[in-house]
Amino acid sequence: MSQLLPTENAYPARAVADAEAPLTAGTDRYMHAAAHALARAAVEELRGMRGAVPGARVLLLVGGGHNGGDALLAGALLARRGCAVTAAPAAEISRLHATALADACAAGVRLAADPMAAARAAAGGAAGADLVVDGLTGIGATGPLRPAAAALIAPLCAAGDPGERPFRVLAVDLPSGVGVDDGTLPGPALAADRTVTFTCFKAAHLAPPAAPRCGRVDVVDLGLPVPDAAVLACRPADAELGRLLRVPGDRDHKYTRGVVGLWAGSQTYPGAAVLAASAAVRTGAGMVRLAAPARVVDLVLARRPEVVPADGRCQALVLGPGTDPADAPRAAELDAALGRVLGEAGEPVDAVIDAGALPLLAARIATGGRCMPRQVLTPHAGEAAALLGALGEQTPREAVEAAPAAAARRLAELTGATVLLKTTPTLIASPGGTLLSVDSGPGWLATAGSGDVLAGIIGALLAARRADAENGKAVGGEDVQAEAPARCAALGVRLHAVAAARAAGLVDASPAVTAGAGRLFACSGHPLAALDLTEAIPAAWNHLWSIGPHRALNSPRAGTAPGHACRGKNVHP
Ligand SMILES: NC(=O)C1=CN([C@@H]2O[C@H](COP(=O)(O)OP(=O)(O)OC[C@H]3O[C@@H](n4cnc5c(N)ncnc54)[C@H](OP(=O)(O)O)[C@@H]3O)[C@@H](O)[C@H]2O)[C@@H](O)CC1
Ligand SMILES: [K+]
């Protein structure tokens, strides 16, 4: 594991405001800079949807703070480029940002006498808006949108989701009405096609359910300081994650690359073992061992003859994909493997604990067992709710979906494990660690077996990390090492997402593009099967490996510039 590159961090709104206050006091300079960035984004959106900018109809939703000021100043710039701009205020005129309002009016922005009528007209019909600029509230807001603001967005929300409605929405800093510091939705919010934010991410850009409502997010540097404060969440860059991949050298063998032990598949769900095993092999495991019923073993060997159906030394286990809770003898075997993972009879083992293994784990924790961060749990919202309930904190699935960041953090605290919560984007929490948010790929991934593939990928990455640690190749201090399993899990999510983009025929797989359930792609892509994903992992591996700086090859001749010997060639597992 290597040292980490700078990541994309989200800071608390209060800290952002405090850090910028000494510079912004008494000047509108930074608001003008923000407005220029917004106008640039607006022009790109208008060009994208209608070709020309002059004549475009723009509605500004304007609140009483600086967020509304940003919108008014951006509206002034668009009016000067020939757009027909209307401002719909959600506050008394006397409470709007005075100089921004004066500038907007001077540029020809029309102030709507009846803001509700303007919002209704913008929402539909032949004379509807091309672009809506949401400047109701930004980082200064608290709680759900107040009635006047909520009423203004109601007809626009009713026009449908991004991509379905006749206009685009550009959010100033963040979609008004979202929980700025936790990504919740305390009330209505108008989903944006694009958000222009300033200085740094806020948690709402990274944590669902708010995050997917931001659309594409541009972080613009206005020359204001990044706060010196605790990070609420971070989105690791692909370049940072890609450098965790390692190209084997001439001294490598199976056990230096990492051996995965797979406890997957059942009479009822035999295919899960094929998917997880194929994924682990394709991610670069030195060897994959399989413990499964005979029929499952036969099926896996027919597809993957390199899999070894025997127990033995493993550097990471994958427990649970496709296991059947009704199969009591198999559940007992799985439970015994869990005991081994938790260190009941020796050293704890790195592991992915998935699907059918999660309820067994909850029972063990409820009776005093405890995980370590090197064990990665992979629940979806329903499984997370069940786990929390089994650990004494009754939580309906809807509550997990409404506040998944809090649920992931709580599960990490209660279990001691790294928790990968399958949301969009995916959240990864580790005890005491920073919450990671990882773009999880196109909507085509919502298909049976894709979770089994993810478990296999992460299993191979954990095994490689453990092998590196055994060979003294782990880089970085204890702090880096404590969060390393979370980084492995994040890398696994990105490999899975990029493989999905490729398998679905979507070539550009950057995070900005794989976000938003595929609607940001220039083309729609096509359906994929989980097995297609495993075949696309090598290309995804190569993509992530080749975009970042790399560490030295594991070779006595590693004098070559790291990675350069292979760069450009198609080198992958
Ligand atoms: N300062 C600068 O130079 C720069 C600032 N920048 C920009 O300023 C934004 C922060 O500005 P801000 O601090 O004025 O807060 P803001 O987000 O506009 O909200 C406050 C207003 O909303 C109201 N309100 C509150 N809660 C509400 C609710 N639930 N529902 C409805 N309304 C609610 C509140 O009403 P009040 O409580 O005063 O009655 C007040 O009128 C930041 O996000 C960025 O866009 C950038 O341009 C960089 C330079
Ligand atoms: K806003």
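The rules behind the values
Throughout this description, residue numbers start from 1 for each chain and increase along the sequence as written. Think of it this way: whatever chain is written first is A, whatever ligand is written first is 1, and the rest follow in order. Under the rules for a predicted model, residues below a pLDDT of 70 receive no local features and side-chain atom pairs below 80 are neither given nor counted, while totals for whole chains, interfaces and linings still include all residues. Each side-chain value is derived from all of the structure's non-hydrogen atoms; neither hydrogens nor water enter the calculation. UniProt positions are given in the numbering used here, feature names are shortened, and annotations may be inferred rather than shown by experiment. Here an axis means a line fitted to C-alpha atoms, over the contact stretch when the element is a helix, while the angle between two N-to-C directions is reported on a 0 to 180 degree scale. Strands are runs of DSSP state E lasting at least two residues, helices are runs of H or I lasting at least four, and both sets are numbered from the N terminus onward. Oblique is the label for any angle not covered by the other classes, which are roughly parallel (under 35 degrees), roughly antiparallel (over 145) and roughly perpendicular (65 to 115). Left-handed describes a crossing whose near helix is turned anticlockwise from the far helix through less than a right angle; right-handed describes the clockwise counterpart. Any two residues whose heavy atoms approach within 4.5 Å are treated as being in contact. Here the term charged refers only to Asp, Glu, Lys and Arg, the term nonpolar to Ala, Val, Leu, Ile, Met, Phe, Trp, Tyr, Cys and Pro, and the term polar to all other amino acids, Gly among them. In these notes, a set of buried Ala, Val, Leu, Ile, Met, Phe, Trp, Tyr and Cys residues joined through side-chain atoms within 4.5 Å is what counts as a nonpolar core. Buried residues are those whose accessible area, probed at 1.4 Å on protein chains only, stays under 20% of the maximum for their type, while exposed residues exceed 50% and partly exposed ones sit between those limits. The pairing criterion for strands is at least two bridges between them, as found by DSSP. Crossover handedness is defined by viewing with both strands directed away from the observer: a clockwise path from the first strand over the helix to the second marks the crossover as right-handed. Take a side-chain nitrogen of Lys or Arg and a carboxyl oxygen of Asp or Glu: if they are within 4 Å of each other, that pair is a salt bridge. Polar contact criterion, stated in full: a pair of N or O atoms within 3.5 Å, where within protein one must be able to donate a hydrogen and the other to accept it, and residues adjacent in sequence count only if both atoms are side-chain atoms. We call a residue near a molecule or strand as soon as one heavy atom of that residue lies within 4 Å of the molecule or strand. Each accessible area value is a Shrake-Rupley result obtained with a 1.4 Å probe; residue values ignore everything except the protein chains displayed when judging cover. Coordinating donors are taken as N, O and S atoms within 2.8 Å of the metal, stretched to 3.2 Å for Na, K and Ca; because water is absent from the atoms, sites can appear incomplete. Note on geometry labels: four donors, all angles 85 to 135 degrees, give tetrahedral; four donors become square planar and six octahedral when opposite donors are over 155 degrees apart and every other angle is between 65 and 115; remaining cases are irregular. In this analysis, rings of Phe, Tyr and Trp, with Trp reduced to its six-membered ring, are considered paired at centre separations within 6.5 Å, and the interplanar angle assigns stacked below 30 degrees, edge-to-face beyond 60, and tilted for intermediate values.

As recorded by an unreviewed UniProt entry, the protein chain carries the name Multifunctional fusion protein and is attributed to Actinomyces glycerinitolerans. In its Subunit (unreviewed entry) section, UniProt records this for the protein chain: "Homotetramer."

Our focus in this paragraph is the packing of helix α13 (residues 357–366) against helix α14 (residues 381–390). Between α13 and α14, whose axes approach to 9 Å, the crossing angle comes to 20 degrees. It follows from the interaxial angle that α13 and α14 lie roughly parallel. The element α13 and its partner α14 pack so that their crossing is right-handed. Contacts between α13 and α14 pair Leu-358, Ala-362 and Ala-366 from the former with Glu-383, Leu-387 and Ala-390 from the latter. Residue classes in the contact of α13 with α14 are distributed as five nonpolar, no polar and one charged.

So, on to the nonpolar core. Val-288, Ile-428 and Leu-495 are the most contacted members of the largest nonpolar core, which has 64 residues in total. Beyond its immediate sequence surroundings of up to four residues, Leu-495 is in contact with Leu-245, Thr-283, Ile-457, Leu-461, Ala-540, Trp-541 and Leu-544. Leu-206, Leu-411, Val-419 and Leu-427 belong to the second largest nonpolar core, which has 47 residues in total.

Most of strand β6 (residues 168–172) sits inside the fold, with four of its five residues counted as buried. As judged from the four bridges shared by strand β5 (residues 131–135) and β6, these two strands associate in the parallel manner. Paired with Asp-134 across the bridge in β6 is Ala-171. In this region the chain leaves β5, passes through helix α6 (residues 147–157) and returns to the parallel neighbour β6; the handedness of that crossover is right-handed. The pairing of β6 with strand β7 (residues 194–198) spans three bridges and is classified as parallel. Bridge assignment links Ala-171 to a residue of β7, and that residue is Thr-195.

Turning our eyes to something else, we now look at the pairing of strand β2 (residues 57–62). Burial analysis of β2 places five of its six residues in the buried class, which makes it a mostly covered element. Note: β2 against strand β3 (residues 84–89), six bridges, orientation parallel. Among the inter-strand pairings, Arg-57 is bridged to a residue of β3, identified as Ala-84. As a crossover connection, the stretch from β2 through helix α3 (residues 66–80) into β3 is right-handed. With five bridges connecting them, β2 and β5 associate as parallel partners. Paired with Val-58 across the two strands is Leu-131, which belongs to β5.

With that settled, the discussion passes to the pattern of salt bridges. Across all of its chains, the model carries 31 salt bridges by this definition. Between Glu-240 and Arg-487 there is a salt bridge, and its shortest N-O distance comes to 2.4 Å. Note that Glu-240 is positioned in helix α8 (residues 238–242) and Arg-487 in helix α19 (residues 484–503), a separation of 247 residues in sequence. Assigned by exposure class, Glu-240 and Arg-487 land together as buried. Three or more residues are tied together by salt bridges with common partners; here these are Glu-44, Glu-45, Arg-168, Arg-194, Arg-216 and Asp-218.

So, about the UniProt feature "binding site: K(+)" (unreviewed entry) in the protein chain. According to UniProt, the feature "binding site: K(+)" (unreviewed entry) maps to Asn-67, Asp-134 and Ser-176 in the numbering used here. Across 110 residues of sequence, these annotated residues stay compact in space, with a maximum C-alpha separation of 9.4 Å. Looking at where Asn-67 falls in the secondary structure, it is placed in helix α3. For Asn-67, a relative accessible area of 8% gives the class buried. Ignoring any residue separated from it by four or fewer positions in sequence, one finds Asn-67 in contact with Asp-134, Gly-135, Leu-136, Thr-137, Gly-138, Val-172, Asp-173 and Ser-176. For Ser-176, the position within the fold is in the loop between β6 and β7. Judged by relative accessible area, which is 1%, Ser-176 ranks as buried. Ser-176 has contacts with Asn-67, Asp-134, Gly-135, Leu-136, Thr-137, Leu-145, Pro-188, Ala-189 and Leu-190, leaving out every residue within four places of it along the chain. A polar side-chain atom of Ser-176 sits 2.4 Å from a polar atom in the side chain of Asp-134.

This part is about the site of ligand 1. Taken together, 24 residues surround ligand 1, and among them Asp-70, Gly-138, Thr-142, Pro-144 and Asp-173 come closest. Arg-95 places a polar side-chain atom, nitrogen or oxygen, 3.2 Å from an oxygen atom of ligand 1. Between ligand 1 and Ile-139, the relevant distance is 3.0 Å, taken from an oxygen atom to a main-chain nitrogen or oxygen of the residue. When isolated, ligand 1 has an accessible area of 940 Å², and the protein chains bury 80% of it. Going through the elements one at a time, α2 (29–50) and α3 are the ones with two or more residues in the shell around ligand 1. Considered class by class, the residues forming the shell around ligand 1 number 10 nonpolar, 10 polar and four charged.

A metal bound by six donors in octahedral fashion has ideal angles of 90 or 180 degrees, whereas one bound by four tetrahedral donors has an ideal angle of 109.5 degrees. Protein-derived ligands of the potassium ion (ligand 2) are Asn-67 (OD1), Asp-134 (O), Thr-137 (O), Val-172 (O), Leu-174 (O) and Ser-176 (OG), with the metal-ligand distances lying across 2.7 to 2.9 Å. Coordination at the potassium ion (ligand 2) comes from six donor atoms whose angles at the metal span 68 to 172 degrees, giving a geometry best classed as irregular. Motif for the potassium ion (ligand 2), donor spacing along one chain: N-x66-D-x2-T-x34-V-x1-L-x1-S. Taken together, the residues Asn-67 in helix α3 and Leu-174 in the loop between β6 and β7 connect sequence positions 107 residues apart. Like Asn-67, the residue Leu-174 is buried in the burial classification.

Time to look at the packing of aromatic side chains. Summed over the entire model, instances satisfying the criterion amount to one aromatic pair. Taken together, a centroid distance of 6.3 Å and an interplanar angle of 15 degrees make the contact between Trp-541 and Trp-545 stacked. Linking Trp-541 with Trp-545, this pair stays in helix α21 (residues 530–546), spanning four residues, or about one helical turn. Trp-545 matches Trp-541 in its accessibility class, with the two residues each being buried.

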